[in-house]
Amino acid sequence: MLIIPAIDLKGGMVVRLTQGAFDAQTVYSQAPADVMLKWQKEGARLVHVVDLDGAREGVRKNLGSLKNILAVAKIPIQFGGGLRTFEAVQDVLKVGVRRVVIGTKAF
């Protein structure tokens, strides 16, 4: 079994939304790269990163945080949120994302 921990990004921070409500969030960290290091230390073999702002607005908003995560990542990153064009997918693959998640809005 492969357990894939997630890092949800909103406004450059690691958050969890309460029942998917963007105005009801819990901030877990203001340093996404530190959370990545924690998951690696815990033995994760893959981490799922979501740009919640990008998912909501249709355009990636947390590319800087993603790059910070990738700078410390020694395991593959799967990324989703705001990937609605071929170019957006290419951009995140170029910076080092291993897998992308494309939602139904892209179609």
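Here the structure is a predicted model, which is why all the values come from computation and not from measurement.

Conventions used here
- Residues numbered from 1 in each chain as written.
- Predicted model: local features only at pLDDT ≥ 70, side-chain atom pairs only at ≥ 80, totals over all residues.
- Heavy atoms only, no water.
- Helix = DSSP H or I, 4+ residues; strand = E, 2+ residues; numbered from the N terminus.
- Rg over C-alpha atoms; globule rule 2.2 N^0.38 Å.
- Buried < 20%, exposed > 50% of the residue type's maximum accessible area, 1.4 Å probe, protein only.
- Contact = heavy atoms within 4.5 Å.
- Areas by Shrake-Rupley, 256 points an atom, 1.4 Å probe, with all protein chains shown as cover.
- Phe/Tyr/Trp six-rings, centres within 6.5 Å; stacked < 30°, edge-to-face > 60°.
- Lys NZ or Arg CZ within 6 Å of the ring centre and 35° of its normal.
- Pairing = 2+ DSSP bridges.
- Axes fitted to C-alpha atoms, helices over the stretch in contact; angles between N-to-C directions.
- Core = buried A, V, L, I, M, F, W, Y, C linked by side-chain atoms within 4.5 Å.
- Salt bridge = Lys/Arg side-chain N within 4 Å of Asp/Glu carboxyl O.

**Student:** Is there a simple way to explain the overall build of the chain in this structure?
**Tutor:** Tallying secondary structure elements over the chain gives 4 helices and 6 strands in all. In sequence order, the secondary structure elements of the chain are arranged as β-β-β-α-β-α-α-β-α-β. Relative to the 2.2 N^0.38 estimate, which gives 13 Å for 107 residues, the radius of gyration of the chain is 13 Å and therefore close to what a compact globule would have. For the chain, the spread of C-alpha atoms along the three principal axes comes to 35 × 30 × 30 Å. A buried classification covers 40% of the 107 residues belonging to the chain. Put simply, 56% of the contacts in the chain that link residues at least 6 apart link residues at least 24 apart. With an accessible surface of roughly 6,400 Å², the chain has 52% of that area assigned to carbon and sulfur atoms.

**Student:** Explain the packing of aromatic side chains here, please?
**Tutor:** In this description, an aromatic ring pair is defined by two values, namely the gap between the centres and the angle between the planes. Following the criterion strictly, the structure yields 0 aromatic pairs and no others. Over the ring of Trp39 we find Lys38, and its NZ or CZ is 4.1 Å from the ring centre. Above the ring of Phe22, the side-chain terminus of Arg56 is found at 4.5 Å from the ring centroid.

**Student:** Explain the sheet that holds strand 1 (residues 6–10) here, please?
**Tutor:** Picture the strands of a sheet paired through backbone hydrogen bonds; they go either parallel or antiparallel. Strand order in the open sheet formed by 6 strands is 3-2-1-4-5-6, with mixed pairing between adjacent strands. Sheet topology places strand 3 (21–29) and strand 6 (99–101) at the edges, where each strand pairs with a single neighbour. For this sheet, the mean inter-axis angle between neighbouring strands, taken without regard to orientation, is 40°. Bridge count for strand 1 against strand 2 (residues 13–18) is 2 bridges, and the pairing is antiparallel. Pairing of Lys10 across the sheet is with Met13, part of strand 2.

**Student:** Is there a simple way to think about the nonpolar core in this case?
**Tutor:** Side chains of a nonpolar character, in soluble globular proteins, are inclined to be buried together. Formed by 19 residues in total, the largest nonpolar core has its most connected members in Ile7, Val47, Val49, Leu66 and Ile77. Ignoring anything within four residues of it in the chain, the contact list for Leu66 reads Leu9, Val49, Ile77, Phe79, Val92, Val95 and Val97.

**Student:** Where do I start with the pattern of salt bridges in this structure?
**Tutor:** Two side chains carrying opposite charge are able to pair once their charged atoms lie near each other. According to the stated counting rule, one finds 3 salt bridges in the structure shown. Arg16 serves as the salt-bridge partner of Asp8, at 2.8 Å between the closest nitrogen and oxygen. Arg16 gets classed as partly exposed once you look at its relative accessible area, which sits at 33%. A salt bridge links Glu57 to Lys61, with the nearest nitrogen and oxygen atoms 3.3 Å apart. Judged by relative accessible area, Glu57 falls into the partly exposed class, the value being 49%.

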